[in-house]
Amino acid sequence: MSFPTIHNITFDTTGDPYDLGLFWSAVFGRPLADDDKPGDPAAEIEDPDGGPRLLFIQVPEGKSVKNRLHFDLRPHGRTRDEEVERVVSLGARVVADHRRPDGGGWVLMADPEGNEFCVERGELG
């Protein structure tokens, strides 16, 4: 029996897909596709390991409710607090802080278009 694979994880944007793609490109340290340019109707980030691409497409309607699906990011080579600071410097914002005194928990973030994602604790804390 054969099963499907995830080809793209798609983000809708009312702004320029290239701009939102640049944000996520900086988050993941992966470049946008060579042929992507500002003003294009779509932009994409390839996974060099063959995983799903991140695809950014322009849509006419804005985000109106909480995401039903989101990324949970686990930092590598930095702490959760350092990763939160890094993605804020790239244009994200903190939505809710669920860090616990015992070091557990997560930080709920939003990208420049309001798409939620979480930053969890990594191997460094």
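These notes cover the structure that comes with them.

What counts, and where the lines are drawn
Residues numbered from 1 in each chain as written. Predicted model: local features only at pLDDT ≥ 70, side-chain atom pairs only at ≥ 80, totals over all residues. Heavy atoms only, no water. Pairing = 2+ DSSP bridges. Helix = DSSP H or I, 4+ residues; strand = E, 2+ residues; numbered from the N terminus. Axes fitted to C-alpha atoms, helices over the stretch in contact; angles between N-to-C directions. Phe/Tyr/Trp six-rings, centres within 6.5 Å; stacked < 30°, edge-to-face > 60°.

## Considerations on the sheet that holds strand E3 (residues 53-58)
In sheet architecture, strand pairing relies on hydrogen bonds along the backbone and comes in two forms, parallel and antiparallel.
Phase 1 of the analysis: As summarised here, the arrangement of the three strands in space is E1-E3-E2, forming an open sheet in which the pairing is mixed. The open sheet is flanked by strand E1 (8-13) and strand E2 (42-45), the only strands paired with a single partner. Ignoring strand direction, the axes of neighbouring strands in this sheet form an average angle of 20°.
Phase 2 of the analysis: In this sheet, E3 lies alongside E2 in antiparallel orientation, the contact comprising four bridges. Looking across to E3, one finds that Ala43 is bridged to Phe56.

## Some thoughts on the packing of aromatic side chains
Phase 1 of the analysis: For the structure on display, the rule yields nine aromatic pairs.
Phase 2 of the analysis: The interplanar angle of 70° and the centroid separation of 5.0 Å between the aromatic rings of Trp24 and Phe117 together place this pair among those described as edge-to-face. One end of the pair, Trp24, is in helix H1 (residues 17-28); the other, Phe117, is in strand E7 (residues 116-120), and 93 residues separate them in sequence.

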